[in-house]
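# Residue-level structure breakdown
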Amino acid sequence: QGKEAGLSEIQLYEAVLNLVPYIGYPRTLNTMGRFQKVYPNYVKERAGGKEPQSTEPWSQYAAGPWVERSDNIRQQLGVGGPGAEELVNQLSSLSPELADWARYDAFGRIFGRPGLSLLERESVVMGALVAQGVPQFIVHHKALLRVGGTAALVDEIFKEVADIVDAKALTISRQYLAEARKK
């Protein structure tokens, strides 16, 4: 559907990678398998005849670029800096490790990659969160609006996933949407 909608190979590839923190590795790997069926040569062509390699090797990016861009991205999304201490404290009280992973892995490593704008990344996240009916929807709704999203875009995301997600999750997500729109 993304290809039919005019998204490029890199946009679709990045959209799949963007799912890791929201749906986990198993589902993301399955989704990447579907991507490979549509674009069977993307990774090989990107490698230019060499052995496929990560575009951002962990050993070169983990201690520097991912940490640096995490703060910038979280500021833009409204989940970092002044006013975001409550969210950081909530995550840390659940698990300090998960708080760090969300900060550096999700925002620094994944959201900071080229290929999709923050608005496009948040749109992917919103679709995944609607499908799960989880409370993180509210935080990402706010983030989507901060990076240029609109109520109409959120309504469109709901429309696009309505026929393919669990009805209970959709109902719960609509409740979260109503709550988010009151704030």
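Below you will find a few notes about this structure. (Residues numbered from 1 in each chain as written. Predicted model: local features only at pLDDT ≥ 70, side-chain atom pairs only at ≥ 80, totals over all residues. Heavy atoms only, no water.)

### Overview of the overall build of the protein
Along the protein, the regular secondary structure elements total eleven helices and zero strands. For the protein, the α and β elements follow one another from N to C terminus as α-α-α-α-α-α-α-α-α-α-α. Taken over the C-alpha trace, the protein has a radius of gyration of 17 Å; the compact-globule value for 183 residues is 16 Å, and the two agree within 12%. Expressed along its principal axes, the backbone C-alpha trace of the protein runs to roughly 50 × 40 × 30 Å. For the protein, buried positions account for 39% of its 183 residues. Looking at the protein alone, contacts between residues at least 24 apart form 65% of all its contacts between residues at least 6 apart. Within the structure as shown, the protein displays about 10,800 Å² of accessible surface, and the carbon and sulfur contribution to it stands at 55%. Separation between the mean location of the 21 positive side-chain charges and that of the 21 negative ones in the protein comes to 2 Å. (Helix = DSSP H or I, 4+ residues; strand = E, 2+ residues; numbered from the N terminus. Rg over C-alpha atoms; globule rule 2.2 N^0.38 Å. Buried < 20%, exposed > 50% of the residue type's maximum accessible area, 1.4 Å probe, protein only. Contact = heavy atoms within 4.5 Å. Areas by Shrake-Rupley, 256 points an atom, 1.4 Å probe, with all protein chains shown as cover. Lys, Arg positive; Asp, Glu negative; His and termini not counted. Charge placed at Lys NZ, Arg CZ, Asp CG, Glu CD.)

### Remarks on helix α2 (residues 20-38)
In this model, α2 (19 residues) spans only 20 Å end to end at C-alpha, well below the 27 Å of a helix rising 1.5 Å per residue. Largest kink in α2: about 80°, centred on Pro26. Contacts made by the buried residues of α2 are with α1 (9-17), α3 (42-47), α7 (96-110), α8 (118-132) and α9 (136-146). (Expected span 1.5 Å × (residues − 1). Bend = angle between axes of the 7 residues up to and from the residue.)

### Examining the side chain of Gln11
You can see Gln11 is positioned in helix α1. Contact partners of Gln11, with chain neighbours within four places excluded, come to Gly6, Gly115, Leu116 and Glu120.

### Structural notes on the pattern of salt bridges
This model, assessed by the stated rule, comprises seven salt bridges. Put simply, Arg74 and Asp71 hold a salt bridge, and the shortest N to O gap is 2.7 Å. Here Arg74 and its partner Asp71 are both found in helix α5 (residues 65-77), three residues apart, which amounts to about one turn of the helix. With a closest N to O distance of 3.1 Å, Arg103 and Asp71 form a salt bridge. Here Arg103 is found in helix α7, whereas its partner Asp71 is found in helix α5, with 32 residues between them in sequence. Under the relative-accessibility criterion, Arg103 is labelled partly exposed at 29%. (Salt bridge = Lys/Arg side-chain N within 4 Å of Asp/Glu carboxyl O.)

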